[in-house]
Amino acid sequence: MVRINPIYAEMETTIFEHMSGLARQLGAINLGQGFPDEQGPPELIEAAARALREKSNQYPPGAGLPELRDAICGFYARRQGLEFSREQVIVTSGATEAIAASVLALVDPGDEVILFQPAYDAYAPMVRRAGGVAVSVPLSPPHWRYPINKLEQAITARTKLLMFNDPLNPAGTVAGEAELAQIARLCVRHGLTAVCDEVWEDVRFDGLVHRSLLDFPGMSDRAVKIGSAGKIFGLTGWKVGWMCAAPEMAEALGRAHQFLTYATPPALQWAVAEGLAKPQAWFAEQRANWAASRRRLSRGLTEADFDVLPNAATWFLCVDLAASGIALTDREFSERAVREAGVASIPVSALFEGEAPAGVVRFCFAKGDAVLDEAAERLAAFRRALA
Ligand code: GLN
């Protein structure tokens, strides 16, 4: 018998793949895994097609095309007032690779890594595979605020890293300025490095502007900022992401990246570089479209008597089942709704380790109006049948 590494031997298929697989198999509407149901911005697709025809299809530089690395620097300078130079940016095949590279480059065996829960389900297994110990600090619905005291209590002499996802998926919340300042102070005081997964930085609503944890005093040398073209442009299948850090750290991150994927398809990199140069108004319009979809699904679910939690960012709305008068766990709800209502969702407890809130289900609203209306109708009927 081949002995598989126990982390993988015992691992389940990720909830995102599980629910998308069920949706495909059953022909259900997929409001589970987060991706838009559109092709993506036509100009970017045209730019990628042009690049496939006219530019190189051979290995690009491992750290990314200089043009894309510069475009990322320009984007963050204009949008977030951050000053990165080209050497500080490493292009990756999606943010998931950037997370893996960051953890592999930064975690030594025995290091403790603090994760707020809920968390992207890639974090903890990657920490463990790197020999680290995942330490959870849970957040609670409906507001999912950061319990700064609990964070401080979780820090020990062995704590090396904090994984910090802001805006926070699946909660759809954003960290407040005061929370960020407190978290940054703790990182500085205890010598922690922060892996800042900011893939939702550009999917914020209601005029909220993004400020990276990396931008707080003392953080620029101790933080990695991870971004994602998949999220910024609604092109999740492209798997183009990046990580930005102080030069010395970026060099180490680049070494981790060189033996994961080595490089990322150059045509997609060219297209993302073009996209990042678009004017603010272009991004604002995209955001307004997502905000309209958020309103539409929120209205549909509310009219169907679902208790919808507040959302400030991401493509996701969460529903509190107990507050909606539904006596199912989130797993039961998601497994039944995909089969009986033909609507896939994500049970939020799948993004928790240990104790999770009893019943919160996540729905992706980055879909066309007709799809959202049909989903809300099906869920309303499903809910009535449960009562
Ligand atoms: N971030 C995506 C989501 O929340 C999942 C990412 C993935 O499945 N690789 O739906």
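Everything here concerns the structure above.
My aim in this report is to walk through the structure given alongside it, one point at a time. (Residues numbered from 1 in each chain as written. Predicted model: local features only at pLDDT ≥ 70, side-chain atom pairs only at ≥ 80, totals over all residues. Heavy atoms only, no water.)

What to know about the packing of aromatic side chains
In step 1: With the rule as written, the count across this model stands at 20 aromatic pairs.
In step 2: When the ring of Phe333 is compared with that of Phe363, the centres are 6.4 Å apart and the planes differ by 85°; the resulting orientation is edge-to-face. Placement of Phe333 in helix 13 (residues 330-341) and of Phe363 in strand 13 (residues 360-364) is noted, with a sequence separation of 30 residues between them.
In step 3: Judged by its relative accessible area of 1%, Phe333 is buried.
In step 4: Among the aromatic residues, those joined into a ring-pair cluster are Phe75, Tyr76, Phe84, Phe233, Trp282 and Phe283. (Phe/Tyr/Trp six-rings, centres within 6.5 Å; stacked < 30°, edge-to-face > 60°. Helix = DSSP H or I, 4+ residues; strand = E, 2+ residues; numbered from the N terminus. Buried < 20%, exposed > 50% of the residue type's maximum accessible area, 1.4 Å probe, protein only.)

As for the packing of helix 3 (residues 42-54) against helix 11 (residues 266-276)
In step 1: Two numbers describe how helix 3 lies on helix 11: the axes approach to 8 Å, and their chain directions differ by 140°. As far as their axial angle goes, helix 11 and helix 3 are oblique. As for how helix 3 packs across helix 11, the hand of that crossing is right-handed. Contacts from Leu44, Ala47, Ala48, Arg50, Ala51 and Leu52 in helix 3 reach Ala267, Leu268, Trp270, Ala271, Val272, Glu274 and Gly275 in helix 11.
In step 2: Split into classes, the residues belonging to the contact of helix 3 with helix 11 amount to ten nonpolar, one polar and two charged. (Axes fitted to C-alpha atoms, helices over the stretch in contact; angles between N-to-C directions. Parallel < 35°, antiparallel > 145°, perpendicular 65-115°, else oblique. Left-handed = near helix turned anticlockwise from the far one by under 90°. Contact = heavy atoms within 4.5 Å. Nonpolar A, V, L, I, M, F, W, Y, C, P; charged D, E, K, R; others polar.)

A look at the site of the ligand
In step 1: The full set of residues close to the ligand is Phe16, Gln33, Gly34, Tyr120, Asn169, Lys231, Phe316 and Arg362.
In step 2: At a separation of 2.6 Å, an oxygen atom of the ligand approaches a polar backbone atom of Gly34.
In step 3: Contact between the ligand and Asn169: an oxygen atom at 2.7 Å from a side-chain N or O atom of the residue.
In step 4: Summarising the interface, the protein chains cover 83% of the accessible area of the ligand, which totals 300 Å² for the free molecule.
In step 5: The class makeup of the residues in the shell around the ligand is three nonpolar, three polar and two charged. (Near = heavy atom within 4 Å. Polar contact = N/O pair within 3.5 Å; in protein donor to acceptor, adjacent residues only side chain to side chain. Areas by Shrake-Rupley, 256 points an atom, 1.4 Å probe, with all protein chains shown as cover.)

Looking at the pattern of salt bridges
Any two side chains of opposite charge can pair, given that their charged atoms come close.
In step 1: A complete count under the given rule lists 23 salt bridges for this structure.
In step 2: For Asp111, the salt bridge goes to Lys160, with nearest N and O atoms at 4.0 Å. Taken together, the positions of Asp111 in the loop between helix 5 (95-106) and strand 3 (112-117) and Lys160 in strand 5 (residues 159-165) put the pair 49 residues apart, joining distant regions of the chain.
In step 3: A salt bridge links Lys225 to Glu201; its shortest N-O distance comes to 2.6 Å. Of this pair, Lys225 sits in strand 7 (residues 223-228) while Glu201 sits in the loop between strand 6 (193-197) and strand 7; the two residues are 24 residues apart in sequence, bridging distant segments of the chain. Accessibility classification places Lys225 together with Glu201 in one group, the buried group.
In step 4: Salt bridges here are not isolated pairs; linked through shared partners, they connect Arg79, Asp202 and Arg287. (Salt bridge = Lys/Arg side-chain N within 4 Å of Asp/Glu carboxyl O.)

These figures come from the coordinates and say nothing about function on their own.
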